[in-house]
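A closer look at the structure
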Amino acid sequence: MTEHTTVVVIGAGVAGLTLGNILLRNGIDCVVLEKHSRAYVEQRQRAGTIDSRGVRMFREWGLEEVLVSDAPTDLEGGFFLDGEELPIELDDDSDSVFLPQQVLVRNLTDVFLRAGGDLRFEADDVTLENLEHPVVRYADHVVTADFIAGCDGDRGVSRTTIPDGVLTRYSREYAYAWLSVLAEVPAKPSGMAIHSRGLAGMIPRGPHASRVYLQCALDDDLAQWPDERVWSELAARFGRPVTPGRIADKRLVPLRNVVHSPMHHGRLFLLGDAAHIVPPMSAKGIHLALFDAEVFARGVLRHVKEDDPSLLDAYSETCLSHVWNYQAFASWITDVMHDAGDPSHAGEFRKRIARAELERQFTSPAASRLFGEFMAGVN
């Protein structure tokens, strides 16, 4: 069975489904291929805040309905420094929306399918061929396309199809990791705690669920983190009691920055985590995925409707300028938040420098304004 479409989108995550919806609403045919089942994709728990730029982007493309959620929108929380709470004053002009990623993906899926979109789950063993005149194969299907959008993450087939030597990988590995825990308890306290024992975080993922983060050693394994230790360490770093609950998921997450350049080869374009990774401390993974999706969508629309390839030709340059700006922010905030607590990695001098930087965020209107621009995604 052979068929043709304008764009084959590999991966039904945030980048792939956002792209698919924009293309579909603007008369561009596309096929979205996802190797996992729909249930798996929609239930996978991941970070979930759509910053101001993302919210405004969805509104501008007529997709505001994907931002609807029954999850609480109260994002009150703050920094806890050695047990002392320093509340964050959110910008009243911020349009940011708390939206668990699985809810956003579910909404994007529903909207895409209601509009007649072609979304194929459990499309396993996908192979990409002839990237100048793309051919996508899976099972007994052959799909030819004008373009391929690789939205299948860091370990997907899209980037690994590009021949060796074409892409340059830039990366930074950190000297610590995070224990990431999904717990069936409300996020109380909510926020990030800086402490000499290491960084901790407790972030809402719904009315009765939270994501817990604990800085740990790179060589730790899960056996060193029984549930009792998770709760006692969280309480110690926040400096206040924490009510324990059932832990549904527990994993170790190394922190890293990664950028692959260029972000395309032939007519294969890389979007989101397939092209770059930021540490979770920055909360900018969704932001970058949405930025890539919009830039690529505009390029395809210009190419198809006006026979003008200029935006697609500039795709890598346009995206990478933005990516490096937010990589700089992600690297900075990751360093500051960790170095201000545990001095074992960067030393006591760096700890005091990091605390001075944090204090500046609370006392300098200029520093606060810049930080707010990055958090809103508008810098």
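Relevant structure appears above.
Calculation notes
- Residues numbered from 1 in each chain as written.
- Predicted model: local features only at pLDDT ≥ 70, side-chain atom pairs only at ≥ 80, totals over all residues.
- Heavy atoms only, no water.
- Helix = DSSP H or I, 4+ residues; strand = E, 2+ residues; numbered from the N terminus.
- Rg over C-alpha atoms; globule rule 2.2 N^0.38 Å.
- Contact = heavy atoms within 4.5 Å.
- Areas by Shrake-Rupley, 256 points an atom, 1.4 Å probe, with all protein chains shown as cover.
- Salt bridge = Lys/Arg side-chain N within 4 Å of Asp/Glu carboxyl O.
- Buried < 20%, exposed > 50% of the residue type's maximum accessible area, 1.4 Å probe, protein only.
- Pairing = 2+ DSSP bridges.
- Expected span 1.5 Å × (residues − 1).
- Core = buried A, V, L, I, M, F, W, Y, C linked by side-chain atoms within 4.5 Å.
- Phe/Tyr/Trp six-rings, centres within 6.5 Å; stacked < 30°, edge-to-face > 60°.
- Lys NZ or Arg CZ within 6 Å of the ring centre and 35° of its normal.

**Here's the deal with the overall build of the chain**
A tally of helices and strands in the chain yields 11 helices and 18 strands. Compactness check: the chain gives a C-alpha radius of gyration of 21 Å against a globular reference of 21 Å for 379 residues, within 12% of the reference. For the chain, the spread of C-alpha atoms along the three principal axes comes to 60 × 40 × 40 Å. Long-range pairs, those at least 24 residues apart, make up 73% of the contacts in the chain with a sequence separation of at least 6. Accessible surface, the chain as shown: approximately 16800 Å² in total, 50% of it carbon and sulfur.

**Here we look at the pattern of salt bridges**
Enumeration according to the criterion identifies 28 salt bridges in this entry. Across the pair Asp154 and Arg256 runs a salt bridge whose closest N-O atoms are separated by 2.9 Å. A residue pair is termed long-range when its members are at least 10 positions apart, and Asp154 in the loop between β10 (141-150) and α5 (157-161) and Arg256 in strand β15 (residues 247-261) qualify at 102 residues. Arg256 gets classed as buried once you look at its relative accessible area, which sits at 19%. Notably, a salt bridge pairs Glu357 with Arg350, separated by 3.0 Å at the nearest N-O pair. A relative accessible area of 13% places Glu357 in the buried class. Through salt bridges with shared partners, a single network forms among Asp339, Arg350, Glu357 and Arg360.

**Topic: the pairing of strand β9 (residues 135-138)**
Looking down a regular strand, the side chains alternate between one sheet face and the other. Of the strand pairs in this sheet, strand β8 (residues 127-129) and β9 are connected by three bridges, and their pairing is antiparallel. Bridged to Glu129 within β9 is Val135. Where β8 folds back onto β9 in an antiparallel hairpin, the turn is made up of five residues, including Asn130, whose phi is positive at roughly 50°. Where β9 folds back onto β10 in an antiparallel hairpin, the turn is made up of two residues, including Ala139, whose phi is positive at roughly 50°.

**As for helix α11 (residues 365-376)**
Counted at 1.5 Å a residue, the expected span for α11 with its 12 residues is 16 Å, and the 16 Å between its end C-alpha atoms agrees. Every buried residue belonging to α11 is among Ala367, Phe374 and Ala376, and all of these are buried. Close packing links the buried residues of α11 with α3 (52-60), α9 (315-339) and α10 (348-363). Gly377 sits one or two positions beyond α11 and adopts a positive phi of about 80°.

**Examining the environment of Arg114**
With respect to the helices and strands, Arg114 occurs in helix α4 (residues 101-114). The exposed category is assigned to Arg114, whose relative accessible area is 60%. Taking C-alpha positions, Arg114 is 35 Å from Ser321, a pair spaced 207 residues apart along the chain.

**Quick word on the nonpolar core**
One finds Phe58, Leu271 and Phe296 to be the most contacted residues of the largest nonpolar core, which totals 93 residues. The element that contributes the greatest number of residues to this core is helix α7 (residues 285-306), accounting for 11 residues. Excluding residues that lie within four positions of it along the chain, Phe58 makes contacts with Thr18, Ile50, Leu63, Glu64, Val66, Leu67, Leu104, Leu108 and Leu290. Residues Val185, Ala187, Leu214 and Trp225 belong to the second largest nonpolar core, which totals 20 residues.

**A closer look at α9**
Counting along an α-helix, one turn takes 3.6 residues, and residues three or four places apart therefore face a common direction. An ideal rise of 1.5 Å per residue puts 36 Å on 25 residues; α9 measures up with 35 Å between its terminal C-alpha atoms. Extensive coverage of α9 is indicated by the burial of 18 of its 25 residues.

**So, the packing of aromatic side chains**
How two aromatic rings sit relative to each other is given by the distance of their centres and the angle of their planes. Scanning all chains against the criterion turns up 14 aromatic pairs. Aromatic side chains Phe80 and Phe238 sit 5.0 Å apart centroid to centroid with 70° between the ring planes, which places their arrangement in the edge-to-face category. Note that Phe80 is positioned in strand β4 (residues 78-81) and Phe238 in helix α6 (residues 227-238), a separation of 158 residues in sequence. As far as the burial class goes, Phe80 and Phe238 line up, both buried. Through pairs of rings, three or more aromatic residues link up here, namely Tyr326, Phe329, Trp332, Phe371 and Phe374. Note that Arg229 overlies the ring of Trp225, its terminal NZ or CZ placed 3.6 Å from the centroid.

**Describing the pairing of strand β1 (residues 2-10)**
Most of β1 is tucked away, with seven of its nine residues classed as buried. Strand direction decides the pairing type here: β1 and β10, joined by eight bridges, are parallel. Bridging across to β10, Thr5 finds its partner in Ala145. Relative to strand β2 (residues 30-33), β1 is paired through four bridges, and the arrangement is parallel. Residue Val7 lies in a different strand from β2, and its bridge partner there is Cys30.

**Quick look at unusual backbone geometry**
Here Lys188 and Pro189 are connected by a cis peptide whose omega angle stands at 0°. If you trace the backbone, Pro189 turns up in the loop between β11 (168-183) and β12 (191-194). Along the chain, Ser261 connects to Pro262 via a cis peptide bond; the corresponding omega equals -5°. Within the secondary structure, Pro262 is located in the loop between β15 and β16 (264-265). The backbone phi angle of Asn130 is positive, close to 50°, even though this residue is not glycine. Its location among the elements puts Asn130 in the loop between β8 and β9.

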